[in-house]
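Letter by letter, the chains look like this.
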Amino acid sequence: MKFELSQRFYFEAAHTLRRTVDVAPSLRIHGHTYIAEVTLSGQPGADSGMVVDLAHLRRAIETLRLELDHRLLDEVHGLGPATLENLCAYIWRAMELLYSSKLARVEVRREASGDACRLVR
């Protein structure tokens, strides 16, 4: 058995997007409320009783959240086009630096439109 430990966060951000459907509105700067969730998996440590200390995970996520919150995502270095897929990959890369063996899933959702993307190990 493995435990899964998740932490959810949100950020508000704007972007543009080049696409073949809904071209004009996608090219205009527009924004979304994004909800992201990072899931780690593993066994609790014998001494701590925790897969990871949530305080450390929250600090790492807060650093990442500040890179995305109230930003024009088109200008975030290393993100690429601001798609849900690229946001998942961006968050994954940031979390993998700290939790490589425990990182199990990253999910990004836009609740208002019902859109979601999940990247899993």
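Our focus in this paragraph is the pairing of strand β4 (residues 103–110). Of all the eight residues making up β4, seven are buried; the element is thus mostly covered by neighbouring parts of the structure. Note: strand β2 (residues 30–42) against β4, six bridges, orientation antiparallel. By the bridge assignment for β4, V38 is matched with V106. Pairing analysis gives six bridges linking β4 to strand β5 (residues 115–120), with the strands arranged antiparallel. Note that in β5 the partner of R109 across the bridge is A116. What sits between the antiparallel neighbours β4 and β5 is a turn of four residues, in which G114 has the positive phi angle 80 degrees.

Attention shifts here to the layout of surface pockets. Here the largest pocket is characterised by a volume of approximately 220 Å³. Looking at the largest pocket, it is lined by 14 residues, and the ones nearest its centre are H15, L17, R19, H32 and R110. The residue makeup of the lining of the largest pocket, split by class, is four nonpolar, five polar and five charged.

The first and last C-alpha atoms of helix α2 (residues 54–68) sit 21 Å apart over 15 residues, in line with the 21 Å expected at 1.5 Å per residue. Among all positions in α2, only L57, A60, I61, L64, R65 and L68 are buried. Axial view of α2: buried residues confined to an arc of 140 degrees, hence all on one face. Of the exposed residues in α2, the ones pointing more than 90 degrees away from its buried face are R59 and T63. Looking at the buried side of α2, the elements it contacts are β1 (3–15), β2, β3 (71–72) and α3 (84–99). Of the residues that open α2, the one with a side-chain oxygen 2.8 Å from the backbone nitrogen of A55 is D53.

Rules and cut-offs
Residues numbered from 1 in each chain as written. Predicted model: local features only at pLDDT ≥ 70, side-chain atom pairs only at ≥ 80, totals over all residues. Heavy atoms only, no water. Buried < 20%, exposed > 50% of the residue type's maximum accessible area, 1.4 Å probe, protein only. Helix = DSSP H or I, 4+ residues; strand = E, 2+ residues; numbered from the N terminus. Pairing = 2+ DSSP bridges. 1 Å grid on protein atoms, 1.4 Å probe; cavity = no way out; pocket = protein on both sides within 12 Å on 5 of 7 lines; lining within 4 Å. Points joined across faces, edges and corners; volume = space filled by probe spheres on them. Nonpolar A, V, L, I, M, F, W, Y, C, P; charged D, E, K, R; others polar. Expected span 1.5 Å × (residues − 1). Arc of directions from axis to C-beta. Contact = heavy atoms within 4.5 Å. Polar contact = N/O pair within 3.5 Å; in protein donor to acceptor, adjacent residues only side chain to side chain.

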